[in-house]
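Overview (structure and organization)
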Amino acid sequence: MTTRRTVRTVSAVRSAALVAVAAAAAFSLGASQSGGKGAAIGSEMKVAGSATTVSTGNGAALGGSATSTGVSEADGRTEVSVVHSATASSVKPGVATPVRTQTLADGSTARIYELGAQHYRARLVYRGAVYATLETGRHDAGLDANDMFVVLTLDGQVHSWMGGGHQGPGTFHLAGGWTAKVTRTGDNRYRAQIIGHDGVDATLDANQHDVGLDANGVYIVLSAAGVLSAHE
């Protein structure tokens, strides 16, 4: 790559990195197969208060997020929620009308809600049941849903794709000319340095929950299991 690319950031939401106390319960993923839907989140889990840091090349950091889940009995699916800790108290518990809906790569549907400036929620729905929820606060959100990867950006865009995952630790070449160096930092904790022409442009920390990033139109997800995938 001959031209430097810089990860998109929004100066109004730059802040010092927030740290939240993380507690996670073990979970398993179960596959279901019907009508174009190849994968489903299968077991119940409860995760709260995990932390994410996205660092840009100039040393600024975008703050933390918390993950929690709610159980949906339909189809035995689990609702996975990614909620940013800095804004969790301001989240409206029942947002009635999505601003739009979007079909995802695996045939399920995303319902996108606008909660405020650069603050969006996406509920992922299969057969009428919510199986995952992503929410932006100070940065983009991401999810690995049984090999379907989803990024929700600060401007409320949802991008999804199937497969292409790399199991870390390791160094991987990504779409758009980026390189990712994935290291293991602890149990269910991985870090991905996103490297451009002039060095590290961003850092993703998956601290017991998945994280996502829009890197100038290249969408990247790093899971808590160390799986990294990118799509352009």
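**A few points about the overall build of the protein chain**
A tally of helices and strands in the protein chain yields zero helices and 21 strands. Evaluated residue by residue, the protein chain yields a buried proportion of 53% over its 232 residues. Excluding contacts between residues fewer than 6 apart, the proportion of contacts in the protein chain whose partners are at least 24 apart in sequence is 50%. Summed over its atoms, the accessible surface of the protein chain is roughly 9700 Å², and 49% of this surface lies on carbon and sulfur atoms.

**Quick look at the nonpolar core**
Core analysis: the biggest nonpolar cluster contains 19 residues, and Leu-174, Ile-194, Ile-220, Leu-222 and Leu-228 have the highest contact counts within it. If you list the elements that add at least two residues to this core, you get strand S16 (179-186), strand S17 (189-196), strand S18 (199-207), strand S19 (211-215), strand S20 (218-222) and strand S21 (227-231). Leave out the neighbours within four places in its chain, and Ile-194 touches Trp-178, Thr-179, Ala-180, Gly-199, Val-200, Asp-201, Ala-202, Leu-213 and Ile-220. Ala-110, Leu-124, Leu-134 and Ala-141 belong to the second-largest nonpolar core, a separate cluster that totals 17 residues.

**Thoughts on the pairing of S19**
In terms of burial, S19 is a largely internal element, five of the five residues being buried. Counted between consecutive antiparallel strands, the loop separating S19 from S20 contains two residues, among which Asn-216 sits at a positive phi close to 55 degrees.

**A word on the sheet that holds S20**
Read across the sheet, four strands follow the order S14-S21-S20-S19 without closing on themselves; strand pairing throughout is antiparallel. The sheet terminates laterally at strand S14 (166-167) and S19, the two strands that pair on one side only. By the bridge criterion, four bridges tie S20 to S21 in an arrangement that is antiparallel. Paired with Val-221 across the bridge in S21 is Ser-229.

**Let's talk about the packing of aromatic side chains**
The final tally for this structure, using the stated rule, is one aromatic pair. Judged by centre distance (5.9 Å) and plane angle (25 degrees), the rings of Phe-149 and Trp-161 are stacked. One end of the pair, Phe-149, is in strand S12 (residues 148-152); the other, Trp-161, is in strand S13 (residues 158-162), with twelve residues separating them in the sequence. A residue is classified by how much of its surface remains accessible, and Phe-149, at 0% relative accessible area, is buried. According to the relative accessible area criterion, Trp-161 is buried, its value standing at 4%. The ring of Tyr-113 carries the charged tip of Arg-123 above its face, separated from the ring centre by 5.7 Å.

**A word on the pattern of salt bridges**
All told, the structure shown has three salt bridges when counted by the stated rule. For Arg-121, the salt bridge goes to Glu-135, with nearest N and O atoms at 3.0 Å. Pair noted here: Arg-121 is in strand S9 (residues 119-126) and Glu-135 is in strand S10 (residues 129-135), with a separation of 14 residues, a long-range link. Across the pair, exposure class does not vary: Arg-121 and Glu-135 are buried alike.

What counts and what doesn't
Throughout, a residue's number is its position along its own chain's written sequence, starting from 1. In keeping with the model being predicted, local features are shown solely for residues with a pLDDT of at least 70 and side-chain atom pairs are shown and tallied solely at 80 or more, while totals for entire chains, interfaces and linings include all residues. The side-chain figures draw on all heavy atoms in the structure; neither hydrogens nor water molecules are used. Helix and strand assignments come from DSSP, with helices taken as H or I runs of at least 4 residues and strands as E runs of at least 2, each series counted from the N terminus. Burial status follows relative accessibility: with a 1.4 Å probe on protein chains alone, a residue under 20% of its type maximum counts as buried, one over 50% as exposed, and anything between as partly exposed. Residues are treated as being in contact if the distance between any of their heavy atoms lies within 4.5 Å. Each accessible area is a Shrake-Rupley estimate made with a 1.4 Å probe; only the visible protein chains count as cover when residues are assessed. In this text, buried Ala, Val, Leu, Ile, Met, Phe, Trp, Tyr and Cys residues form a nonpolar core when linked through side-chain atoms within 4.5 Å. Here the rule is simple: two strands pair whenever DSSP picks up at least two bridges between them. By convention, a stacked pair of Phe, Tyr or Trp rings (six-membered ring in the case of Trp) has centres within 6.5 Å and planes under 30 degrees apart, an edge-to-face pair has planes over 60 apart, and any other such pair is tilted. Placement of a charge over a ring requires the Lys NZ or Arg CZ to be within 6 Å of the ring centre, with the centre-to-atom vector within 35 degrees of the ring normal. The working definition used for a salt bridge is a side-chain nitrogen of Lys or Arg within 4 Å of a carboxyl oxygen of Asp or Glu.

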